Structure formats: structure tokens, C-alpha cells
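# Fold and geometry: a report
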Amino acid sequence: PLTTTGGLVAEAAAHRGAVAAFNVITLEHIEAVVAAAEAVGAPVVLQVSENAVKFRTGRLHPIAAAAVSAAHASAVPVALHLDHVKDEALLREAADCGFSSVMFDAAHLPYRENVAATRRAADWAHANGLWLEAELGEVGGKDGRGPLDAHAPGARTEPGEARRFVEETGADALAVAVGSSHAMTSRDAVLDHALLAALHDRLQVPMVLHGSSGVPDDELRRAVLGGISKVNIGTALSIAMTGAIRAHLDADPEGVDPRRYLAAGRRAVTEAVVQLLGTVAAV
Ligand code: G3H
Ligand code: ZN
């Protein structure tokens, strides 16, 4: 059934667990993530990023309709989340599409401007029944800027500032920069667990880990035990899908039916999600 992100995160946080949120780009991603969640028996968040909406010719409705339909038909609870939104108009579309939550990303702005923009987005979201995630500090690797910039010291989230930020914006959850980075294709990120503990101490809302594809299993488990309640995963699915499709096409250079290689890609995504849920949802 379709459920809410806020509900899943609150439930996970109450047990010192986490809900996994997977970025979906195609219908095959949606089918694969839901099949894996059903196989494991874990709830899941399907999230669509603003970049994915741009890829989907700028319209959220078609992929949102597919995700809503898959959620309704699912044997496990599935929530829908709009990820990394900078365009405030897209927030409005999400509310019309069955999404229960949005991540408003103004982390690239100086502190005061991040607060002002996030406050505006949170007020609008709350007036329209949406749960809002925000970001302070900056998890690097967005917009192809390379996976390493999150490791720059200035990018980390400072606990005192984070507490103030949540008070000033009214955000329901906070994406924290603690050493992970977007779009990593190797799993060797090292998290700052002392910083995570300090953030967990000071923060009054659940914390979200971005760029989780680059975080090894044992680090992910520690992060969940340390207070991360939502784990965002995208690139790991791209690696699985693209690798399987490439292998399929290499092995069958004469084939033309897209269903053959899309099925191979979808199977690989299901396997990757089963594995990741085994790590994240089992803590
Ligand atoms: O918001 C999405 C996540 O942060 C995904 O990051 O693609 O590096 O796993 P990732
Ligand atoms: Zn992210």
C-alpha cells in the first residue's frame, strides 16, 4: 500500500533503525525496487530527483503515476518522495502527484539564504500536508561536480548550526554531511561517526544519509545505529542496471528486443536492492 515517508522515518527512528530510499529513473527501477522490498518484507521509499524529472522531459506526472500505482499494488508499505528539489514550482507538482514528502535542497546557498529558502519551502510544504527534508553542510558530488568535494572540511554539518537551522526552518528531517558523497562508484567512503553522534545529540529531527552508494555495509550499519533514519541510495542501482545491460548486449550483439536487456537490468537492480535492504533495514 501507499504510505507516507514521514510515517516510515518516524517508525524507523523509534527503533533506532532506518528506512531505505531508492532513486528511481525508469519504470524498471520502480518495478525492481518494489519487487525487492516485497521479497525482503521491508517498507521502502521510492524517490524521484529533480534531475530525474528533467530527464523525464521535465514532467513529474508520468513517473509519479507509475510509482503511485506500484505503491498501491505493493504487498509492503511504499512511500513516494521528491528528491533534491531546487525549483519551488516542482514542490507544488509533487503535492498533486501523491508524494508525501520532498527534499528541498538549498545547501549550496550561504547559511542565511539556505534558511530563508528552506523556511519558505517548509511553510508551503506543511500547509499542503507534505513532510520536508532539508540539507545543511553539503554532501558533495551533485551535478557531476565529482564525488570528492564532500571530503572538503568546510562541507561538513556543524551540530550547533544544524540545531539552529532546524529551529529556524521548521524542517522535518535533516540531510547531514558526515563524509559520504554523491555518485561514488566505489564503496570506500569513511564516515565521521563522532560528528554523527554529536549531531544526533543536538538534533531534534531524524537525520538522512545521502550518497549512500559509496558507503560500505559496516559503515552503513554503524550510521544507522548512530542515528541515521533514512538512507538514500541511487548510484548503486545505476551500477547494477548498466552493468547488467552492458553484459547482456555484449553477449547478444544481434538482439534487438529492448525487453531482453531491460529485463536483465531490472533483475540486477532487484538483486542490488535485496542486498542493500539486508544491510539497512535489518539493523
Ligand atoms: O539523494 C539521493 C542520494 O543521496 C543518492 O546518492 O547516488 O550516491 O547513492 P548516491
Ligand atoms: Zn542526495
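All values reported here derive from a predicted model rather than from experimental measurement.

What follows is about the UniProt feature "binding site: Zn(2+) 1" (unreviewed entry) in the chain. Here the UniProt-annotated "binding site: Zn(2+) 1" (unreviewed entry) positions come out as His 84, His 182 and His 210. Over a stretch of 127 residues, the named residues converge on one spot in the fold, their C-alpha atoms separated by at most 11.7 Å. Mapping His 84 onto the fold places it in strand 4 (residues 78-85). Other than its neighbours up to four places away in sequence, His 84 contacts Ser 49, Glu 50, Asn 51, Met 103 and Asp 105. Within the element layout of this structure, His 210 appears in the loop between strand 8 (207-209) and helix 9 (217-225).

Take the pairing of strand 9 (residues 228-233) next. The buried count for strand 9 comes to 6 of 6 residues, which makes it a mostly enclosed element. Here strand 2 (residues 19-23) runs beside strand 9; their pairing, made up of 4 bridges, is parallel. Looking at strand 9, one finds that Val 19 is bridged to Lys 230. Two elements, strand 8 and strand 9, share 3 bridges in a ladder whose sense is parallel. Residue pairing in the sheet places Met 207 in a bridge with Ile 228 of strand 9.

Here helix 6 (residues 111-127) spans 24 Å end to end across 17 residues, near enough to the 24 Å set by a 1.5 Å rise per residue. Buried residues of helix 6: Asn 114, Val 115, Thr 118, Ala 121, Ala 122 and Ala 125, and no others. Buried residues along helix 6 cover an arc of 145° about the axis, so they all sit on one side. Residues Arg 112, Glu 113 and Ala 127 are exposed on helix 6 and point more than 90 degrees away from its buried face. Buried residues belonging to helix 6 abut helix 5 (88-96), strand 5 (101-104), strand 6 (131-136) and helix 7 (159-169). Where helix 6 terminates, the next one or two residues include Gly 129, which has phi positive at roughly 75°.

Rules used in this analysis
- Every residue gets a number counted from 1 within its own chain, in the order that chain's sequence is written.
- Whichever chain is written first is A, and whichever ligand is written first is 1; the rest continue in order.
- Local features in this predicted model are restricted to residues whose pLDDT is 70 or higher, and side-chain atom pairs enter the listing and the counts only when it is 80 or higher, whereas totals over whole chains, interfaces and linings include all residues.
- UniProt positions are given in the numbering used here, feature names are shortened, and annotations may be inferred rather than shown by experiment.
- Under the scheme used here, helices are H or I runs from DSSP no shorter than 4 residues and strands are E runs no shorter than 2 residues, and both carry numbers assigned from the N terminus.
- A residue pair is marked as a contact if its C-beta atoms, positioned from the backbone, fall within 7 Å.
- Residues with at least 20 neighbouring C-beta atoms inside 10 Å of their own are called buried, those with 12 or fewer are called exposed, and the rest are partly exposed, where every C-beta is derived from the backbone.
- Two strands are counted as paired when DSSP detects at least two bridges linking them.
- Take the residue count of a helix, subtract one, and multiply by 1.5 Å to get its expected span.
- Read the arc as the range of directions from the helix axis to the C-beta atoms.

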